[in-house]
Amino acid sequence: MSAAILVVDDESNVCLALTRILRENGFKVFAAESARQAFEIAFNEKLDLILLDIHLGELHGSKIDGLEICRTLKLDPRTLDVPIIMLTAHGDLQHVLASTKAGADDFVVKPWEMETLLAKIHKQLSPGQPPLPADLPVDEPQTPPRPPRRGSGLAGLRSEREE
């Protein structure tokens, strides 16, 4: 059985594009363009993951945004264990922290590379498995920290002065 994903975004073109791509990748997809639709689907379907736009509702005049939806879903016993990946056009620290505080499990900045989004979905759906298939790129390459150069830092300044 394929994983069921709820896509929540008030931009219908984003919902349609994500739905198409996720279905092409073998997922069962539900789409919602409002908070009301999102709650209805989340509480009545067995979901494995939710992709949730932070600024949902702005176009429909709703008072509830994606962060509030996330908080509500994480407090409800029916959905508290469903991983939530927040989607946003804003990648600043404020939005990342707000998403984390609301209970989101991950965060993706629009526009995203589909391979990156699929890798993050895979990571949430398979927590005990390696995070990425070998052929998928990651957001930022992880490079090991460089060892300090001899004579660098405060100790290096002190030794140069003493000489």
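Described below are features of the structure shown in this document.

This paragraph deals with the overall build of the chain. Looking only at helices and strands, the chain has six helices and five strands in total. The helix and strand sequence of the chain, counted from the amino end, reads β-α-β-α-β-α-β-α-β-α-α. The buried share of the chain, taken over its 163 residues, is 41%. Intrachain contacts of the chain at a sequence separation of at least 6 include 56% that bridge at least 24 residues. Accessible area for the chain stands at about 10300 Å²; split by element, carbon and sulfur atoms hold 53% of it.

A few words on the packing of aromatic side chains. The final tally for this structure, using the stated rule, is one aromatic pair. A ring pair is formed by Phe39 and Phe43, whose centres lie 5.7 Å apart and whose planes are at 10°; its orientation type is stacked. Placement of both Phe39 and Phe43 in helix H2 (residues 35–44) is noted, with a separation of four residues, approximately one turn of the helix. With relative accessibility at 18%, the residue Phe39 sits in the buried group. Residue classification places Phe43 among the partly exposed residues on the basis of a relative accessible area of 23%. The residue whose ring lies beneath Arg78 is Phe43, and the NZ or CZ to ring-centre distance is 3.9 Å.

A few words on the packing of helix H1 (residues 12–24) against helix H5 (residues 114–125). For the pair H1 and H5, interaxial distance at closest approach is 12 Å and the crossing angle is 65°. Between H1 and H5 the crossing geometry is right-handed. In contact with Leu18, Ile21 and Leu22 of H1, H5 contributes Met114, Leu117, Leu118 and Ile121. Counted by class, the contact of H1 with H5 contains seven nonpolar, no polar and no charged residues.

As enumerated under the stated definition, the model contains eight salt bridges in all. Salt bridges here are not isolated pairs; linked through shared partners, they connect Asp9, Asp53 and Lys110.

Those residues of helix H4 (residues 93–102) not exposed but buried are His95, Ser99 and Ala102. Seen from one end, H4 has its buried residues packed into an arc of 65°, which puts them on one side. Exposed and facing more than 90 degrees away from the buried side of H4 are Leu93, Gln94, Thr100 and Lys101. The inward-facing, buried residues of H4 abut helix H3 (66–75), strand E4 (84–88) and strand E5 (106–109). One or two residues past the end of H4 sits Gly103, with phi positive at roughly 110°.

Calculation notes
- Residues numbered from 1 in each chain as written.
- Predicted model: local features only at pLDDT ≥ 70, side-chain atom pairs only at ≥ 80, totals over all residues.
- Heavy atoms only, no water.
- Helix = DSSP H or I, 4+ residues; strand = E, 2+ residues; numbered from the N terminus.
- Buried < 20%, exposed > 50% of the residue type's maximum accessible area, 1.4 Å probe, protein only.
- Contact = heavy atoms within 4.5 Å.
- Areas by Shrake-Rupley, 256 points an atom, 1.4 Å probe, with all protein chains shown as cover.
- Phe/Tyr/Trp six-rings, centres within 6.5 Å; stacked < 30°, edge-to-face > 60°.
- Lys NZ or Arg CZ within 6 Å of the ring centre and 35° of its normal.
- Axes fitted to C-alpha atoms, helices over the stretch in contact; angles between N-to-C directions.
- Left-handed = near helix turned anticlockwise from the far one by under 90°.
- Nonpolar A, V, L, I, M, F, W, Y, C, P; charged D, E, K, R; others polar.
- Salt bridge = Lys/Arg side-chain N within 4 Å of Asp/Glu carboxyl O.
- Arc of directions from axis to C-beta.

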